[in-house]
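For reference, the chains in residue letters:
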Amino acid sequence: KETIAESIKNNNGRLIVSGVLQRADAANQNNRVYPRETLMREVNKFIENKIKQNRALGELDHPDSSVVNLANVSHNILEVKWVGDDVVGKVEVLNTPAGNILKALFEAGITLGISSRGMGSVKQIAEDKVEVQEDFDLVAWDFVSDPSTHGAFMKPVNESLLKHIVGTDKYDNIN
């Protein structure tokens, strides 16, 4: 609760959380591998078409739709960058009904994950692995209870925690 209060105080009344959003070239818990080139293309599109236009919205849990439903929006992604094979990001929890649920979960000390939502095909590359193909289209990152990307859990923003999450000082401008 102190970390959340500190985040809100240091961010003009807004709860900002950060952490790993996605990982390239590694099998996730759904046995999907996102090739770096495909993921990099989609992250760059997401930055240009969503983040820079202040419309990188996401929802609580993954809906069945490929469209972000404004009635269910809980957060807005403010910034993403690459740190090694990880896509890391800074996310604002919004003052919406779903955002207030999200904030209450953080305040209760619940560990929350984040997961990409997208459309595209996959190809079997091993008995227990599929590779996301070039037609992949990233729609959003949604908050979930059990993220498919290993370690994709969000924490309230503060400088020492950010460095701990990614294990590097290269994350400074996300702070």
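Being a predicted model, the structure only gives us computed values, none of them experimental.

**Things to note about the sheet that holds strand β6 (residues 112-119)**
Here is step 1: Read across the sheet, seven strands follow the order β3-β4-β5-β1-β10-β6-β9 without closing on themselves; strand pairing throughout is antiparallel. In the strand order of this sheet, the two ends are held by β3 (57-59) and β9 (137-144), each with one partner. Direction aside, neighbouring strands of the sheet carry axes that sit 35° apart on average.
Here is step 2: Of the pairings in the sheet, the one linking β3 to strand β4 (residues 73-83) comprises three bridges and is antiparallel in character. What sits directly across from Leu57, in β4, is Asn76.
Here is step 3: Strand contacts of helix α1 (residues 2-10): β1 (15-23) and β10 (153-156), with the helix running at about 105° to β1, the strand carrying the most contacts.
Here is step 4: Sheet strands touched by helix α3 (residues 97-107): β1, β4, β5 (86-93), β6, β9 and β10. Its angle to β4, the strand with the most contacts, is close to 65°.

**What to know about the layout of surface pockets**
Leftover empty space is mapped by rolling, across the atoms, a probe with the size of a water molecule.
Here is step 1: The volume enclosed by the largest pocket comes to roughly 340 Å³.
Here is step 2: Taken together, 19 residues make up the lining of the largest pocket; nearest its centre are Arg32, Tyr34, Ser116, Arg117 and Gly118.
Here is step 3: Considering every element that reaches the lining of the largest pocket, the biggest residue donor is β6, with five residues.
Here is step 4: Across the lining of the largest pocket, the residue classes tally to six nonpolar, 10 polar and three charged.
Here is step 5: If you trace the second largest pocket, you find 15 residues lining it, with Lys50, Arg55, Val68, Leu138 and Val139 closest to the centre.
Here is step 6: Of all elements in the fold, only α2 (36-51) and β9 reach the threshold of two or more residues within the lining of the second largest pocket.
Here is step 7: Sorting elements by how many residues they give to the lining of the second largest pocket places α2 first, with five residues.
Here is step 8: For the lining of the second largest pocket, the residue count by class is eight nonpolar, two polar and five charged.

**Concerning the side chain of Thr149**
Here is step 1: Its place among the elements puts Thr149 in the loop between β9 and β10.
Here is step 2: Residues in contact with Thr149, not counting those within four places in the same chain, are Val20, Leu21, Gln22, Arg23 and Asn28.

**Some words on the nonpolar core**
Looking at soluble globular proteins, one finds that nonpolar side chains tend to be buried together.
Here is step 1: Within the largest apolar cluster, 28 residues are counted, with the highest numbers of intra-cluster contacts made by Ile77, Val80, Phe106, Ile114, Trp141, Phe143 and Met154.
Here is step 2: Going through the elements one at a time, α1, β1, α2, β4, β5, α3, β6 and β9 are the ones with two or more residues in this core.
Here is step 3: It is α2 that provides the largest number of residues to this core, a total of four residues.
Here is step 4: By size, the runner-up hydrophobic cluster in this structure holds five residues, among which are Val68, Val73, Val139 and Ala140.

Each value, and the rule that gives it
- Residues numbered from 1 in each chain as written.
- Predicted model: local features only at pLDDT ≥ 70, side-chain atom pairs only at ≥ 80, totals over all residues.
- Heavy atoms only, no water.
- Pairing = 2+ DSSP bridges.
- Helix = DSSP H or I, 4+ residues; strand = E, 2+ residues; numbered from the N terminus.
- Axes fitted to C-alpha atoms, helices over the stretch in contact; angles between N-to-C directions.
- Contact = heavy atoms within 4.5 Å.
- 1 Å grid on protein atoms, 1.4 Å probe; cavity = no way out; pocket = protein on both sides within 12 Å on 5 of 7 lines; lining within 4 Å.
- Points joined across faces, edges and corners; volume = space filled by probe spheres on them.
- Nonpolar A, V, L, I, M, F, W, Y, C, P; charged D, E, K, R; others polar.
- Core = buried A, V, L, I, M, F, W, Y, C linked by side-chain atoms within 4.5 Å.
- Buried < 20%, exposed > 50% of the residue type's maximum accessible area, 1.4 Å probe, protein only.

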